[in-house]
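Letter by letter, the chains look like this.
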Amino acid sequence: MTRQMTGAEMVVQALIDQGVDTIFGYPGGAALPIYDELFQQEKIKHILVRHEQGAAHAAEGYARSTGKPGVVLVTSGPGATNTVTGLTDALLDSVPIIVLSAQVPTFMIGTDAFQEADTIGITRPCTKHNYLVKDTDKLAGVLHEAFHVATNGRPGPVLIDIPKDVQFAKGKYTEKNKASTGHYAPKLKGDIDAITDLVKLMETAKRPIIYSGGGVINSGDSATALLRDLVKETNFPITSTLMGLGAFPASGDQWMGMLGMHGLYEANMAMHGCDLMINIGARFDDRITGRIDAFSPKSKKAHIDIDPSSINKVIHVDVPIIGDVAHVLEDMLRVWKSRGRKTNADGLAKWWSQIEDWRAVRCLSYKNSEKVIKPQYALQRLEALTKGRKDRYITTEVGQHQMWAAQYLGFEDPNRWMTSGGLGTMGYGCPASIGVQVAHPDALVINVAGEASWLMNMQEMGTARQYDLPVKQFILNNERLGMVRQWQDLLHGNRYSQSWSEALPDFMLLAQAFGAKGITCADPSDLDDAIMEMLKHDGPVVFDCLVEKHENCYPMIPSGAPHNEMLMGDAGVADAIGTTGAVLV
Amino acid sequence: MSPLNIKQGTSRKSAYDLKDPNADVIETHTLAVIVTNEAGVLARVIGLFSGRGYNIDSLTVAEIDHEGHRSRITVVTTGTPEVIQQIKAQLGRMVPVHDVHDLTEEGPSVERELALFKVAGSGDKRIEMLRLAEIFRANVVDSTLESFIFEMTGTSEKIDAFADLMHPLGLVEVARTGVAALARGTT
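Residues numbered from 1 in each chain as written. Chains lettered and ligands numbered in written order. Predicted model: local features only at pLDDT ≥ 70, side-chain atom pairs only at ≥ 80, totals over all residues. Heavy atoms only, no water.

What follows deals with the overall build of chain B. Along chain B, the regular secondary structure elements total four helices and nine strands. Overall, chain B shows an N-to-C arrangement of helices and strands of β-α-β-β-α-β-β-α-β-β-α-β-β. Out of the 187 residues in chain B, the part that is buried amounts to 37%. Long-range contacts, defined here as pairs at least 24 residues apart, represent 70% of the contacts in chain B between residues at least 6 apart. (Helix = DSSP H or I, 4+ residues; strand = E, 2+ residues; numbered from the N terminus. Buried < 20%, exposed > 50% of the residue type's maximum accessible area, 1.4 Å probe, protein only. Contact = heavy atoms within 4.5 Å.)

Structural data, given as structure tokens:
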């Protein structure tokens, strides 16, 4: 039996059939038929954002914290163009989101109609795939296909552009199980010969390291469990990219911390000195590799990735394995166990003792102060006061605070850490925290922010108020664009060109204006009480944490340097240990 | 400065300028890309090349299976072996792309291009044009008292050679289709 319905009805029906219960959006002229349908049903909750970019990032937060695709509904023209940053962000970080954009009626396309934009043309390079639907009969099939494409293979954003006349017209509804999805079927199982080659390398490696990424989290809970199993069974050290934090617990013995430009000393040194690198679901991003011709020069490299274009894109690898992380790890563990669970015990023991020496450097130590809150200290206290909470979700904006959060906060589980990695989108964190809180209404959701980033999408506090979302905006306010300032400090002779905010708003008043609670703290001795006040408040909070204005983020691999040429904290190692009040990690 | 006495970046080279494309071997490859014949698919493929900085030497596209909605895009591209590998992987992961064949790598193949040449001239030059056309097996498809249009099919090199010869005789315009190519053999 085929069901006849209007295009607008199909949109709602297809979303319900796909198991969607929440969408983020903003109405406008061309989207009105779909909005009218939403009004007449109760299965899908629509979260009204304050800006379409906010909708896209909220959907990303929703998706990354649940593992389900996030859905966005916007109108034509500016509604669609405002999602471009969110789409690009989702593309670079492999986040499954579906953007439904309305379009002017088909007969007006190309006439420069009111609120017309070539949405398909504009979003072609920033989506995994996009569709313009000109025929209502095809709409439902495309909607189902879009969910398939967004969530299978390497996940990513998909946009569907729906002209207004297509929303009004009646057509045949294609049921979910009848939609054509067969032609997009990325390979899940890895080549067993390549997996066996990797296992052989694992058996003899003296200095192995596992370098895991967001692909492990995208692959799902079984991938995370298998990764943990692999590390436990082999006792190989593991480091992770910014996107991969939480796949392996930060409290685990083999955990080395994040690697890369602001990664931990021990992780980067181990990457540089290893003889076997096992890349699991990461992509050799330039923030990770540093100088390419000096990247881990003496290692054999294996790379597990579902996207064939990730293989050999930046770094040539010896053992490429194309497949889904969970599938490959399952086979890998099986082969390794069946061959006798061998590792090079002597080599590993020496390797671990070398790693302990690197750890002893305590690269995250810094010179604390009793007068002014150091940003690192603020995050250490936030970590200490929220540790052990399984329901703690952290989002971030982009900049120094983001790197400090990655360094000083520990993640025990996947899907608890939402940050803009590939694109580095300032303004990501506040709307992302909204999306996370919508998905987990009772959880503790904290956006670790810088004041400059936060101002880029702070309008979403209105959304938080409207839906009673108790998001905590923890703003490390240094009155600077901290990371820009740091680079100007290191590379441009301290000429702080435009990296300094002279007219910041009063964040307390701003909180009040949005109907949120404002907390301000400038004294390290008040910090714990202030954080507790934030945590106890049942409602949205804007926490203005006034921190040291000139702190740099270390360790740092300067642009163009290899992993073993890190700049370390200006605190100095011996110095920091002797300083009263220094809090060591 | 670091207490560990680690010197700041000993090289001025950054990750961005390490790859000198001219330092490596540049290869020319002919790729056949089978795609769903849907609106915008060509823009998608071209956008991939321009967006990622790949070269297109020649490009042809036409529907080859009306019922199956399939088109065949033939791209001639140049790059280092690594870049060619990336191009194929990037094409292969696009949703409307069904198949990517590297005809240069997969074995012997046949490549042909069709070209039209408008050549204007009179007297002895006209006779010379016709003589060369015969040698190159080009057909006259239009003629005025002062001009010819020749049609020729062949490899790109043959078309280049004919154009070079026609140039001093009064070549006015050339139109080329770009390369169409098929692998030899039964499959």
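Alright, that's what it looks like, and here's the rest.
Residues and elements named next belong to chain A. Leu198, Ile280, Met332, Leu379, Phe474 and Phe543 are the most contacted members of the largest nonpolar core, which totals 101 residues. Tallying contributions element by element places helix H14 (residues 325–338) first for this core, with eight residues. For Leu198, the contacting residues outside a window of four places in its chain are Leu276, Ile278, Ala302, Ile304, Val319, Ile321 and Met332. Val71, Leu73, Tyr131 and Leu143 belong to the second largest nonpolar core, which has 37 residues in total. (Core = buried A, V, L, I, M, F, W, Y, C linked by side-chain atoms within 4.5 Å.)

Here we take up helix H18 (residues 429–439) of chain A. Among the eleven residues in H18(A), ten count as buried, and that is most of the element. Within H18(A) the residues assigned to the buried category are A:Gly429, A:Cys430, A:Pro431, A:Ala432, A:Ser433, A:Ile434, A:Gly435, A:Val436, A:Gln437 and A:Val438.

On the surface, a nonpolar cluster with roughly 210 Å² of combined accessible area is contributed by B:Leu114, B:Leu116 and B:Val141. Under the relative-accessibility criterion, B:Leu116 is labelled partly exposed at 35%. (Patch = residues over 30% accessible without salt bridge, like charges linked within 9 Å, V, L, I, M, F, W, Y side chains within 5 Å. Areas by Shrake-Rupley, 256 points an atom, 1.4 Å probe, with all protein chains shown as cover. Salt bridge = Lys/Arg side-chain N within 4 Å of Asp/Glu carboxyl O.)

Attention now moves to the side chain of B:Thr78. Residue and element names in this part refer to chain B. In this structure, Thr78 sits in strand E3 (residues 70–79). Accessibility expressed as a relative area gives 14% for Thr78, which makes it buried. At 3.2 Å, the side chain of Thr78 and the side chain of Asn55 are in polar contact. Dropping the residues within four chain positions of it, Thr78 is found in contact with Ile26, Glu27, Thr28, Asn55, Asp57 and Ile84. (Polar contact = N/O pair within 3.5 Å; in protein donor to acceptor, adjacent residues only side chain to side chain.)

This part covers helix H15 (residues 345–360) of chain A. Residue and element names in this part refer to chain A. Here H15 contains 16 residues, and its C-alpha end-to-end distance of 22 Å stays within 8% of the 22 Å for a straight helix at 1.5 Å per residue. Looking only at H15, the buried set comprises Gly347, Leu348, Trp351, Trp352, Ile355 and Trp358. Along the axis of H15, the buried positions cluster into a sector of 130°, meaning they face one direction only. Facing away from the buried side of H15 by over 90 degrees, the exposed positions are Ala345, Asp346, Lys350 and Asp357. Each element contacted by the buried residues of H15 is listed here: strand E9 (208–212), helix H11 (221–234), strand E11 (255–258) and helix H12 (265–273). Trailing H15 by a residue or two, Arg362 shows a phi angle of about 50°, which is positive. (Expected span 1.5 Å × (residues − 1). Arc of directions from axis to C-beta.)

Another aspect to go through is the confidence of the model for chain B. Residues and elements named next belong to chain B. Predicted confidence across chain B gives a mean pLDDT of 89, with 88% of residues reaching 70 or more. Note on residues 1–17: pLDDT under 50 across the span, and 35 contacts to partners over four residues away in sequence or across chains. Predicted complex, confidence summary: ipTM 0.89, pTM 0.93. (pLDDT = per-residue confidence, 0-100.)

Bringing the sheet that holds E9(A) into the picture now. All names here are of chain A. On the basis of which strands lie adjacent, the open sheet formed by six strands has the order E11-E10-E9-E12-E13-E14 and parallel pairing. On the outer flanks of this sheet lie E11 and strand E14 (319–322), each paired with one strand and no other. Each adjacent strand pair in this sheet contributes to an overall mean axis angle of 15°, direction not counted. Relative to strand E13 (residues 300–305), strand E12 (residues 276–280) runs parallel, the two sharing five bridges. Looking at the pairing, Ile278 lines up with Ala302 of E13. This element, H11, spans E9, strand E10 (238–240) and E12 of the sheet and lies at about 165° to E9. (Pairing = 2+ DSSP bridges. Axes fitted to C-alpha atoms, helices over the stretch in contact; angles between N-to-C directions.)

All names here are of chain B. Here strand E6 (residues 139–144) pairs with strand E7 (residues 147–154) via five bridges, running antiparallel. Bridge pairing links Asp142 to Ile149 in E7. Here E6 folds back onto E7, and the loop between the two strands holds two residues.

The next thing to look at is the sheet that holds strand E2 (residues 22–25) of chain A. Two pairing modes exist for strands in a sheet, parallel and antiparallel, and in both the strands are linked by backbone hydrogen bonds. Residue and element names in this part refer to chain A. Strand order in the open sheet formed by six strands is E3-E2-E4-E5-E7-E6, with parallel pairing between adjacent strands. Only two strands of the sheet have a single neighbouring strand rather than two, namely strand E3 (45–48) and strand E6 (129–132). In this sheet, adjacent strand axes meet at a mean angle of 20° when their direction is disregarded. Here E2 runs beside strand E4 (residues 70–74); their pairing, made up of two bridges, is parallel. By the bridge assignment for E4, Phe24 is matched with Val72.

Another aspect to go through is the environment of A:Asp544. Within the fold, A:Asp544 resides in strand E20 (residues 541–546). In sequence terms A:Asp544 and A:Asn478 are 66 residues apart; their C-alpha atoms lie 9.9 Å from each other.

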